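Examining the three-dimensional arrangement
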Amino acid sequence: KNELTLAAAWRFVEQKKEVLVYCALRSSVETLGRLALKCIEHEVLSPLKTANQRVRDVMAVGAEWLGEDHPAVACLAHGVALHHGGLPRPFLTEVERLLRSGDCPLIIASPTLAQGLNLSASVLLVPSIWRSGRIIAPAEFANVAGRAGRAFVDVEGVVLHVVHETEAWEARRALQNWGEL
């Protein structure tokens with residue numbers, strides 16, 4: 001499913017859309033980041049953007065705090081930003097400025113996003129609606145879904161729940177149960 005999520009994200013970016021991948025678990029952010037780096041290294045995916053001076057400056061801050069090989073730093077070189085609450089605040093502040101400048105067309109973020117980070121994107125991809133064996137709260141999902149569609153840019157936002165066909169029945173059951181929560 002992670003590969004499917006990244007393939008969809010790349011396809012939307014090719015269509016000049018800004019994409020936000022919402023990960024219900026913080027650990028999934030770096031997992032997807034490492035996978036993106038691996039896919040780029042093996043030329044399965046192409047870098048989304050070349051790093052300009054703003055991106056290189058943020059990478060320097062990240063290297064100071066995390067080391068240059070950390071996925072949150074390395075992904076920036078390819079137009080992919082990682083954001084979660086476990087990253088150092090000085091680095092996150094710089095990443096957030098970078099996101100507002102539009103230098104990274106793909107953002108992979110954790111629930112921190114739903115807790116006040118003011119970001120929007122044309123497309124929201126949600127690879128999982130589960131956290132620790134429980135479905136995320138409908139209010140959290142609604143908050144995150146509200147990030148899809150950029151004001152004065154998009155006529156509408158696109159929200160996609162990425163489901164592998166073997167999980168389709170479980171996703172349908174979970175979504176039906178959402179109304180009961």
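Preceding block: the structure.
Tallied over the full model, the rule gives six salt bridges. The shortest N-O distance in the salt bridge between Asp103 and Arg54 comes to 2.6 Å. Taken as a pair, Asp103 in the loop between helix H5 (89–101) and strand E3 (106–109) and Arg54 in helix H3 (residues 53–66) lie far apart in primary sequence, 49 residues in all. On the basis of relative accessible area, Asp103 is assigned to the buried category, the value being 7%.

This part is about helix H6 (residues 138–145). Listed as buried for H6 are Glu140, Phe141 and Val144. Along the long axis of H6, the arc covered by the buried residues comes to 100 degrees, so they all point the same way.

Let us look at the pairing of strand E4 (residues 123–126). Put simply, side chains in a regular strand alternate between the two faces of the sheet. Neither face of E4 is left uncovered, since the one carrying Val123 and Leu125 and the one carrying Leu124 and Val126 both have all their residues buried. For strand E1 (residues 19–22) and E4, the ladder comprises three bridges, and the chain directions are parallel. Within the sheet, the bridge partner assigned to Leu20 lies in E4 and is Leu124. Where E4 and strand E7 (residues 158–161) come together, four bridges link them in parallel fashion. Across the sheet, residue Val123 finds its bridge partner in E7, namely Val158.

Bringing the sheet that holds E1 into the picture now. Strand order across the open sheet formed by five strands is E2-E3-E1-E4-E7, with parallel pairing between neighbours. Looking at the sheet topology across the chains shown, the edges are occupied by strand E2 (80–83) and E7. Pairs of neighbouring strands in the sheet enclose a mean axial angle of 20 degrees, with direction left out of account. Of the strand pairs in this sheet, E1 and E3 are connected by four bridges, and their pairing is parallel. Along E3, the bridge assignment pairs Val21 with Ile108.

Cut-offs and rules
- Residues numbered from 1 in each chain as written.
- Predicted model: local features only at pLDDT ≥ 70, side-chain atom pairs only at ≥ 80, totals over all residues.
- Heavy atoms only, no water.
- Salt bridge = Lys/Arg side-chain N within 4 Å of Asp/Glu carboxyl O.
- Helix = DSSP H or I, 4+ residues; strand = E, 2+ residues; numbered from the N terminus.
- Buried < 20%, exposed > 50% of the residue type's maximum accessible area, 1.4 Å probe, protein only.
- Arc of directions from axis to C-beta.
- Pairing = 2+ DSSP bridges.
- Axes fitted to C-alpha atoms, helices over the stretch in contact; angles between N-to-C directions.

It is worth stressing that arrangement in space is one thing and function is another; only the former is reported here.
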